[in-house]
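For reference, the chains in residue letters:
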Amino acid sequence: MDASDMGADLEKVLISAEEIAGRLAELAAQVDEDYAGRELLLVGVLKGASLVMSDFVRALHTPAQMDWMAVSSYGSGTKSSGVVRIVKDLDTDLTGRDVLIVEDIIDSGLTLSWLVANLSSRGAASVSILTLLRKPEAAKVHVDVRYTGFEIPNEFVVGYGLDFAERYRGLPFVGTLAPHVYSS
């Protein structure tokens, strides 16, 4: 799927596929430096972080294991509900592990704040966050994000793992939807 497949549903491309690839390579180089000599456990947050995790881990040179967690704080709408529930838990014991949460987007910060506390309580040696996108204007709580790909305006975005009602995840870029898509 690309921009031409979206027709009138696409309002604009905010971040191109090339910009995403370049920034993930820069973040991987920084993580390689910061975690040199240590083994990292990457925790991808499903479903949105699947593309970020895939491309990030391929750019990484540090030995890393991957695990996945699904937490939900969204319905089919465009705003966070603020209520977090575990849909799929980790398979890995976190005791003594350096954990890097890999996220697609942080807006309110409510889900990530809860997730950091939850994973820290499981005995991890450290818990840090890497996110492709961050919306500073949407923050409701402070979350210490160690690695941020791009700060974006407080707009609803899709693509590169991000969806609207389970559509548009496969786009290779991050863009905004035309208002007619979500206002009906």
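Residues numbered from 1 in each chain as written. Predicted model: local features only at pLDDT ≥ 70, side-chain atom pairs only at ≥ 80, totals over all residues. Heavy atoms only, no water.

Digging into the overall build of the protein chain
Secondary structure assignment for the protein chain yields 5 helices and 9 strands. Taking 16 Å as the expected radius of gyration for a compact globule of 184 residues, we find that the protein chain reaches 16 Å, a close match to that expectation. Counting only C-alpha atoms and orienting by the principal axes, one finds that the protein chain spans roughly 50 × 35 × 25 Å. Looking at the protein chain as a whole, 48% of its 184 residues qualify as buried. Sequence separation of at least 24 residues holds for 67% of the intrachain contacts in the protein chain that already meet a minimum separation of 6. Carbon and sulfur atoms form 50% of the exposed surface of the protein chain, whose accessible area is close to 8,700 Å². Separation of charge centres in the protein chain, based on 16 positive and 26 negative side chains, amounts to 5 Å. (Helix = DSSP H or I, 4+ residues; strand = E, 2+ residues; numbered from the N terminus. Rg over C-alpha atoms; globule rule 2.2 N^0.38 Å. Buried < 20%, exposed > 50% of the residue type's maximum accessible area, 1.4 Å probe, protein only. Contact = heavy atoms within 4.5 Å. Areas by Shrake-Rupley, 256 points an atom, 1.4 Å probe, with all protein chains shown as cover. Lys, Arg positive; Asp, Glu negative; His and termini not counted. Charge placed at Lys NZ, Arg CZ, Asp CG, Glu CD.)

A look at empty space enclosed by the protein
In the structure shown here, the tally under the stated rule is 1 cavity of 30 Å³ or more. Looking at the lining of the largest cavity, its residues break down into 4 nonpolar, 3 polar and 3 charged. (1 Å grid on protein atoms, 1.4 Å probe; cavity = no way out; pocket = protein on both sides within 12 Å on 5 of 7 lines; lining within 4 Å. Points joined across faces, edges and corners; volume = space filled by probe spheres on them. Nonpolar A, V, L, I, M, F, W, Y, C, P; charged D, E, K, R; others polar.)

Remarks on the environment of Lys47
Position of Lys47 among the secondary structure elements: in the loop between strand S2 (40–46) and helix H3 (50–59). Residues Lys47 and Leu171, 124 residues apart in the sequence, show an inter-C-alpha distance of 14 Å.

Comments concerning the side chain of Asp9
In this fold, Asp9 is placed in the loop between helix H1 (3–6) and strand S1 (10–15). Accessibility expressed as a relative area gives 18% for Asp9, which makes it buried. Residues in contact with Asp9, not counting those within four places in the same chain, are Arg167, Tyr168, Thr176, Leu177, Ala178, His180 and Val181.

As for the pattern of salt bridges
Taken as a whole and judged by the stated rule, the model has 13 salt bridges. A salt bridge links Glu26 to Arg23, with the shortest nitrogen-to-oxygen separation between them at 3.0 Å. Here Glu26 and its partner Arg23 are both found in helix H2 (residues 17–34), 3 residues apart, which amounts to about one turn of the helix. When its relative accessible area of 23% is taken as the criterion, Arg23 is described as partly exposed. Residues joined in a network through salt bridges with shared partners are Lys47, Asp163, Glu166 and Arg169. (Salt bridge = Lys/Arg side-chain N within 4 Å of Asp/Glu carboxyl O.)

Geometric values such as these leave the question of function open.
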